[in-house]
Structures are given as structure tokens and as C-alpha cells.
Amino acid sequence: MTSIRSSWREYQGSALAVVSAACMASTFIFSKLGLQGSSQMVFGLVWYAAAFACAWAYNRARGLPPFGHQLRRFGLRIVLVAAFNCISILAFYEQIRLADPSTVGFLSVWGAIVTLAIGMLILGERLGSREWLGVVLAMGGIFALTWQGGPTIWLVILLALADTTSFSISNVIAKSAVADVHPASLVGLRALFTGFFVGLYGVAMGDWQVPSGLSLLYAAAGGFFGPFLSVTLLYYAYRRLPISRASVITAAQPLFVVLYSWLFLSTIPSWQEWLGGLLTIAGLLILLNRDTAIRAVAVPETSS
């Protein structure tokens, strides 16, 4: 009976991770369309205000503890989750301005590779032949994406490293927090503080272009599907899966981005982008199958 229950929880977690990836992929399209008529800071504030409003309404409907109660108990972890997420979203917006969503989508798996590599270095373990194959495939993918791409693509790659590594760190901290904080409460507080940090950055940079009405609509839609719905589903998945296994599943996110780009932007990746993206994903999957990599990023599961 325990084995059946455990398998069912893993199945639920896997399904939640897939839907989360599909929802998060839609934010690439909303961002590309919405940022054409708005500054990053205003767009980001509306983005996270929508996510916070949805999370607050969901918490009230479910009768969950007030946000203030959760914040008093677990404030440090919540603020850290939001701080790293703020770095991630600002870098993400800039990538979307500079490159096609499909290219940014393929690069989104690179941060997970870096995070795993750092984890294995901390453990002091050497890479075997299989793991070196994963590294070579990932590096080959990056080379294919940047080949004859010019200086812009290198800037996009640096931004992708900042984006995805910060997002991975935010998720590792969040994984440890969802054992104590309800996922929906964590999502709401994450949105609240991320929006606050984005606003502070906007004040410092003076980036306050008045957005068009359509940009506001895209920002609100992105806030619902991304930092509210997608992240809520991902945090629920973290209660059922190790973060490493969830990462394997969400590595399919770039494929959803390609599909949405074709449907809504009428763009498809070139053969070079397909080659680079699929090689990078293959390298990540090989590295994620390494036991030491799983130990490096996994957080002990709880029964709750």
C-alpha cells in the first residue's frame, strides 16, 4: 500500500511538473509581445501584482493562514527566494528583448547544468565518462547556438546564465521552504517581494515608460500563467518529487516555447537553433541522471 501511495505521489508530481512547464513557456510569448510597449520595470510590477492578487484570492478561498503569519515565521527564506527571482526575471526580460523566444527557451536549461556542476564540485566528486559526455553535448549545443550569431547572442547567453542560475537557486531555497509554507502562500509572498525589488530597481534606474493598454494585458496574463499558476504547480510538484527529477521534466519547457512561438508569433527555430537546443537538453538530461548530481540539489522529502 505504501509503495502504491508513493508511486501515485510521484505520478502526480510528474504531471504537475509537465503542466507547470507548459504554463511557464507561455510567459516567453507574453513577455515578447508586452515588452514592445512597456519598460521592464512597469511590466514587471504589473506582472507580479497580477500574480500576488491571484495567490491572495486563492489563499482566501482555501482558508489558508494569512500571508503575515507565514512571513513572520519564514521571512528570511521567502525574501531570499524573491531576491534571486528578481535577478532572474530582470535578466529574462532583457533576453526576450534581444532574441527570439525559442532561442531564449533553449538557453533556459543552461543554468540547471551550471547549478549541477557547482553542486558536484562542492561534493568533490569527479565526472565519469558518461558525465563528460553530457558536458560535451551541452557545450556543443551552446557552440551551435552561438555559431555566427554575433556579439548579441553572447550577451544573451550571459543573461541566460544570470537568469537561469538565479532561478535555480531560488527554486532550491523554495524546495526547502514548501515543507513548512503552503505552496500557494509561498507563491504570493514570492510575487509580493519580487515586485517590490523590481520596483526598487526601477526607481534606481529611472525606467518608467508609460505602458500601452495591450502591454498591461500581456503583463497581467503573464503574471497569471507564470509566477502564479506555473510556480504554484511547480511548488506542489516539489512536495512530491526531488527537485532533480522535477528538473528533468521541466527541461521539456523549450519545446513548449517553440510550439507557442510557431502558433502565436509565426516563427520557428532554424536548423542551427534546433541542433544547439536539443544538444543542450540532452547534456542536461545526462547530467541529471547522475546520482551525485541528484544528491547535490535534492532536499529531503517530508511526509506532508
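What you are looking at is a predicted structure, and each value in this text was computed from that prediction instead of being measured.

(A) Structural detail: the overall build of the chain. Of regular secondary structure, the chain possesses 13 helices and zero strands. Reading the secondary structure of the chain in the N-to-C direction produces α-α-α-α-α-α-α-α-α-α-α-α-α. Scored against the burial criterion, the 304 residues of the chain give a buried share of 51%. Across the chain, the fraction of contacts at a sequence separation of at least 24, relative to all contacts at a separation of at least 6, is 90%.

(B) Just the side chain of Asp163, in detail. Along the chain, Asp163 falls in helix H7 (residues 151-177). Apart from residues lying up to four places away in sequence, Asp163 is in contact with Ser88, Ala91, Phe92 and Gln95.

(C) Quick peek at the packing of aromatic side chains. Per the counting criterion, the structure on display carries 13 aromatic pairs. Consider the rings of Phe43 and Trp47, whose centres lie 5.5 Å apart with planes at 40°: the pair is tilted. Linking Phe43 with Trp47, this pair stays in helix H2 (residues 40-62), spanning four residues, or about one helical turn. Trp47 shares its class with Phe43; the two are buried. Put simply, the rings of Phe28, Phe43, Trp47, Phe92 and Tyr93 touch in pairs and so form one group of aromatic residues.

(D) A look at helix H11 (residues 253-265). Taking 1.5 Å per residue, 13 residues should reach 18 Å; H11 reaches 17 Å between its end C-alpha atoms and fits that length. Residues Gln253, Pro254, Val257, Val258, Tyr260 and Ser261 constitute the buried set of H11. Phi for Ser266, located one or two positions after H11, is positive at around 60°.

(E) Main features of unusual backbone geometry. The phi dihedral of Ser266 falls on the positive side, at around 60°, and the residue is not glycine. Within the secondary structure layout, Ser266 lies in the loop between H11 and helix H12 (271-288).

(F) Layout of a nonpolar patch on the surface. Together, Leu259, Trp262, Leu263, Phe264 and Ile268 give the surface a local cluster of nonpolar side chains, amounting to about 580 Å² of exposed area. Since its relative accessible area comes to 61%, Ile268 is described here as exposed.

(G) Representation of the confidence of the model for the chain in the model. Residues with a pLDDT of 70 or more make up 79% of the chain, whose mean pLDDT is 79. Predicted confidence for residues 291-304 stays below pLDDT 50, and this span has 31 contacts to residues more than four positions away or in other chains.

(H) Expanded view of the nonpolar core. If you look at the biggest cluster of nonpolar residues, it comprises 52 residues, and the most contacted ones within it are Trp47, Ile89, Phe92, Tyr93, Leu186 and Tyr235. Of all elements in the fold, only helix H1 (2-34), H2, helix H3 (67-98), helix H4 (101-107), H7, helix H8 (183-205), helix H9 (213-238) and H11 reach the threshold of two or more residues within this core. No other element matches H3, which puts 11 residues into this core. Core analysis: the next-biggest nonpolar cluster, separate from the first, contains six residues, Phe106, Val109, Ala251 and Val258 among them.

(I) Geometry of the packing of H3 against H8. Where H3 meets H8, the closest approach of the two axes is 7 Å, and the angle between their N-to-C directions is 55°. With respect to their mutual orientation, H3 and H8 come out oblique. The hand of the H3/H8 crossing is right-handed. Residues Phe67, Gln70, Leu71, Ile78, Val79, Val81, Ala82, Ala83, Asn85, Cys86, Ile89 and Leu90 of H3 form the contact with H8, whose own contacting residues are Ala184, Ser185, Leu186, Gly188, Leu189, Arg190, Phe193, Thr194, Phe197, Val198 and Tyr201. Along the lines of polarity and charge, the residues of the contact of H3 with H8 split into 17 nonpolar, five polar and one charged.

(J) Looking closely at the environment of Met139. Secondary-structure assignment places Met139 in helix H6 (residues 129-146). Residue classification places Met139 among the partly exposed residues on the basis of a relative accessible area of 46%. Expressed as a C-alpha distance, the spacing of Met139 and Gly283, which sit 144 residues apart in the sequence, is 8.2 Å.

(K) Molecular detail of the environment of Val81. Tracing the chain through its elements places Val81 in helix H3. Distance in space between the C-alpha atoms of Val81 and Ile173 is 6.2 Å, their sequence separation being 92 residues. Apart from residues lying up to four places away in sequence, Val81 is in contact with Ser170, Ile173, Ala174, Arg190 and Tyr235.

Rules of the game
- Residues numbered from 1 in each chain as written.
- Predicted model: local features only at pLDDT ≥ 70, side-chain atom pairs only at ≥ 80, totals over all residues.
- Heavy atoms only, no water.
- Helix = DSSP H or I, 4+ residues; strand = E, 2+ residues; numbered from the N terminus.
- Buried < 20%, exposed > 50% of the residue type's maximum accessible area, 1.4 Å probe, protein only.
- Contact = heavy atoms within 4.5 Å.
- Phe/Tyr/Trp six-rings, centres within 6.5 Å; stacked < 30°, edge-to-face > 60°.
- Expected span 1.5 Å × (residues − 1).
- Patch = residues over 30% accessible without salt bridge, like charges linked within 9 Å, V, L, I, M, F, W, Y side chains within 5 Å.
- Areas by Shrake-Rupley, 256 points an atom, 1.4 Å probe, with all protein chains shown as cover.
- Salt bridge = Lys/Arg side-chain N within 4 Å of Asp/Glu carboxyl O.
- pLDDT = per-residue confidence, 0-100.
- Core = buried A, V, L, I, M, F, W, Y, C linked by side-chain atoms within 4.5 Å.
- Axes fitted to C-alpha atoms, helices over the stretch in contact; angles between N-to-C directions.
- Parallel < 35°, antiparallel > 145°, perpendicular 65-115°, else oblique.
- Left-handed = near helix turned anticlockwise from the far one by under 90°.
- Nonpolar A, V, L, I, M, F, W, Y, C, P; charged D, E, K, R; others polar.

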